[in-house]
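Residues per chain, in single letters:
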Amino acid sequence: MLNAGLSPFVVKSLPVRLSRYFLPVLKETPGDAQVISHQLMLRAGMIRQTAAGIYAWLPLGRRVLAKIEQIVREEQVRAGAIEVLMPTIQSADLWRQSGRYDAYGPEMLRITDRHDREMLFSPTAEELFTQIFQNGAKSYRDLPKNIYQIQWKFRDEVRPRFGVLRGREFLMKDAYSFDADFAGAKHSYNRMFIAYMRTFARMGLDAIPMQADTGPIGGDLSHEFIVLAPTGESDVFYHENWLKPRDTSAIDADDADALEGFITGLNADYAATDEKRDLAAESAAGDQLRQSKGIEVGQVFYFGDKYTKAMGVTVQGPDGVPITPLMGSYGIGVSRLVGAIIEACHDKDGIIWPDAVAPFKVALINLRVDDAACAAAAEKLYAELTAAGVEVLYDDRDERGGAKFATADLIGLPWQLVVGPKGVAAGIVELKRRGGERVEIALADAVGRLS
Ligand code: ATP
Ligand code: MG
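Residues numbered from 1 in each chain as written. Chains lettered and ligands numbered in written order. Predicted model: local features only at pLDDT ≥ 70, side-chain atom pairs only at ≥ 80, totals over all residues. Heavy atoms only, no water.

Turning our eyes to something else, we now look at the pattern of salt bridges. As enumerated under the stated definition, the model contains 35 salt bridges in all. In this structure, Glu-233 engages Arg-166 in a salt bridge whose closest nitrogen and oxygen atoms are separated by 2.8 Å. Placement of Glu-233 in the loop between strand E11 (222-228) and strand E12 (234-239) and of Arg-166 in the loop between strand E8 (145-154) and strand E9 (169-179) is noted, with a sequence separation of 67 residues between them. Of the residues examined, Glu-233 reaches a relative accessible area of 34% and is grouped as partly exposed. A single network of salt bridges, built from pairs that share partners, joins Glu-74, Glu-75, Arg-78 and Arg-202. (Salt bridge = Lys/Arg side-chain N within 4 Å of Asp/Glu carboxyl O. Helix = DSSP H or I, 4+ residues; strand = E, 2+ residues; numbered from the N terminus. Buried < 20%, exposed > 50% of the residue type's maximum accessible area, 1.4 Å probe, protein only.)

Here it is, written out as structure tokens:
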């Protein structure tokens, strides 16, 4: 491991009483939302649009975003990356050093401050990470390094749409690796590759790494990680083997050769976006070739000395000869993932969160707040679940049962624990898996079953 330090960030999500929470659900589907994830995020009270492609994150959305962020963070740390936080507003001069201030085009939001200095809202951060690296690294002994942040980006997209799937302001994890030679840089790339496989799998997603276009820099070292969804904007082509889950648990990412072998094995199954289609590989796949639409949730990219050379960055080599570090950059669309997961996990009644990213584990539903025995049983369950560390959303509102079920289904918590007067009298509660089975269990067993 490059860095065995543990993440200093812990998300401890506290239980909540719905009567005191802020969950503005909508009964009607908003007319301007075209895709299901956008509709459900609005209806479930997760987000509100404040300007085209710009969203306010409400409490439920904020919790999911934090869950996703934390999984991304843990897998970055596990891969040896080190967390920092860069400013969103950067100076045009920095971007002139790489030539990108003029090259970037209208997606860059340009700002002028009161002294007429040209600034911009960072759409990505290669230049700043390169500069920060240069300030701190002097010798080959400082290599390799992989530094990342989870920070808001702004791209003035020509067509912001589909809610958080294509926003203008969006949360991105961006990592930047620095290595002394190509073998090291390839290992850094492979570490991120496997970290991405693990990250998306932990979120309950099948994300397929696809050969991606590297643009004017060339080379074949770029992959986009694509979640299959009919609403995706990318056309993708892949061998049907990719539909089977891949087990990455046994691979030792510190072993460069073993890791390279594993990834080469994975990539033997064809998968490419439409810019990188390989007709020979497609005909070899025969009737096992699949075509569909997909959502890009991440990209890994090796680009060598593009920025370090342009910005004059070197470190002292072992023999005194300066080395120009080789770089890669690695993005994950953290806020886009919220929408992508919903695209993959929902039914006609609402969201079905995979356990790892659910905003709460359990909806505790009291069917009759006006029934003393029922309310007492629900309060006791709430206290015990809280004490057991279970993330519970307690629906203690004075509402009909039907409305409570509809809310719980809509917001998609993995479990519903239903407390009604008849059941309580008989010592029974109902436990329902969202999108699955409904069973009656003894009231006394409920906390044990859920902790
Ligand atoms: P796209 O092709 O979808 O425009 P990109 O290739 O330009 O994305 P990257 O520069 O690779 O994006 O950014 C890293 C990740 O950030 C992407 O894989 C994607 O998940 C996310 N992302 C990029 N643009 C947006 C956006 N407008 N809204 C939400 N997420 C985005
Ligand atoms: Mg990309």
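Here the focus is the coordination of the magnesium ion (ligand 2). Glu-296 (OE) and Gln-299 (OE1) make up the full set of protein donors to the magnesium ion (ligand 2), lying at 2.0 to 2.2 Å. Of the residues examined, Glu-296 reaches a relative accessible area of 23% and is grouped as partly exposed. (Donors = N, O, S within 2.8 Å, 3.2 Å for Na, K, Ca; no water.)

Let us now look at the packing of helix H6 (residues 182-202) against helix H7 (residues 256-267). Where H6 contacts H7, the axes come no closer than 10 Å and their chain directions differ by 60°. If you check the angle between H6 and H7, you find them oblique. Along this stretch, H6 crosses H7, giving a crossing that reads as left-handed. When H6 is examined against H7, the residues Lys-186, His-187, Asn-190, Arg-191, Phe-193, Ile-194 and Met-197 are found in contact with a partner set consisting of Ala-256, Leu-259, Glu-260, Phe-262, Ile-263, Leu-266 and Asn-267. Of the residues belonging to the contact of H6 with H7, the class tally is eight nonpolar, three polar and three charged. (Axes fitted to C-alpha atoms, helices over the stretch in contact; angles between N-to-C directions. Parallel < 35°, antiparallel > 145°, perpendicular 65-115°, else oblique. Left-handed = near helix turned anticlockwise from the far one by under 90°. Contact = heavy atoms within 4.5 Å. Nonpolar A, V, L, I, M, F, W, Y, C, P; charged D, E, K, R; others polar.)

Here we come to the packing of aromatic side chains. Both the distance between ring centres and the angle between the ring planes are used here to describe each pair of aromatic rings. Taken as a whole and assessed by the stated rule, the structure comprises 14 aromatic pairs. Centroid distance Tyr-196 to Phe-200: 5.9 Å. Interplanar angle 80°. Geometry classified as edge-to-face. Taken together, the positions of Tyr-196 and Phe-200, both in helix H6 and four residues apart, correspond to about one turn of that helix. Judged by its relative accessible area of 0%, Tyr-196 is buried. Following the ring pairs from residue to residue traces out a cluster consisting of Phe-193, Tyr-196, Phe-200 and Phe-225. It is Arg-63 that lies over the ring of Phe-360; its NZ or CZ is 3.6 Å from the centre. The aromatic ring of Phe-237 is capped on one face by Arg-277, whose charged end is 3.7 Å from the ring centroid. (Phe/Tyr/Trp six-rings, centres within 6.5 Å; stacked < 30°, edge-to-face > 60°. Lys NZ or Arg CZ within 6 Å of the ring centre and 35° of its normal.)

What follows deals with the site of ligand 1. Near ligand 1 lie 15 residues; those nearest to it are Arg-155, Glu-157, Arg-166, Gly-167 and Glu-296. The backbone of Gly-167 places a nitrogen or oxygen atom 2.8 Å from a nitrogen atom of ligand 1. In isolation ligand 1 has 580 Å² of accessible area, and contact with the protein removes 80% of it. For the shell around ligand 1, the elements supplying multiple residues, two or more each, are E9, strand E14 (289-304) and strand E17 (326-333). (Near = heavy atom within 4 Å. Polar contact = N/O pair within 3.5 Å; in protein donor to acceptor, adjacent residues only side chain to side chain. Areas by Shrake-Rupley, 256 points an atom, 1.4 Å probe, with all protein chains shown as cover.)

Moving on: the pairing of strand E24 (residues 438-442). Two elements, strand E23 (residues 428-433) and E24, share five bridges in a ladder whose sense is antiparallel. Considered in E24, the bridge of Leu-431 is made with Val-439. Where E23 folds back onto E24 in an antiparallel hairpin, the turn is made up of four residues, including Gly-435, whose phi is positive at roughly 80°. (Pairing = 2+ DSSP bridges.)

Moving on, we get to the sheet that holds strand E20 (residues 362-366). Here we have six strands laid out as an open sheet, ordered E1-E21-E20-E22-E23-E24, and mixed in their pairing. The two strands at the open ends of the sheet, each matched to only one other strand, are strand E1 (16-17) and E24. Contacting E1, E20, strand E21 (392-395), strand E22 (415-419) and E23, helix H11 (residues 372-387) crosses the sheet at an angle of about 165° to E21.

So, on to the pairing of strand E6 (residues 109-112). Side-chain positions along a regular strand alternate between the two faces of the sheet. Where E6 and strand E7 (residues 118-121) come together, four bridges link them in antiparallel fashion. Residue Thr-112 lies in a different strand from E7, and its bridge partner there is Glu-118. Counting the residues between successive antiparallel strands, the hairpin from E6 to E7 contains five residues, one of them, Asp-116, with a positive phi of roughly 65°.

Before going further, it helps to spend a moment on the sheet that holds E6. Spatial strand order, E5-E7-E6: three strands in an open sheet with antiparallel pairing. Every interior strand has two partners, whereas the edge strands, strand E5 (89-91) and E6, have only one. Averaged over all neighbouring strand pairs, the angle between strand axes comes to 40°, with direction disregarded.

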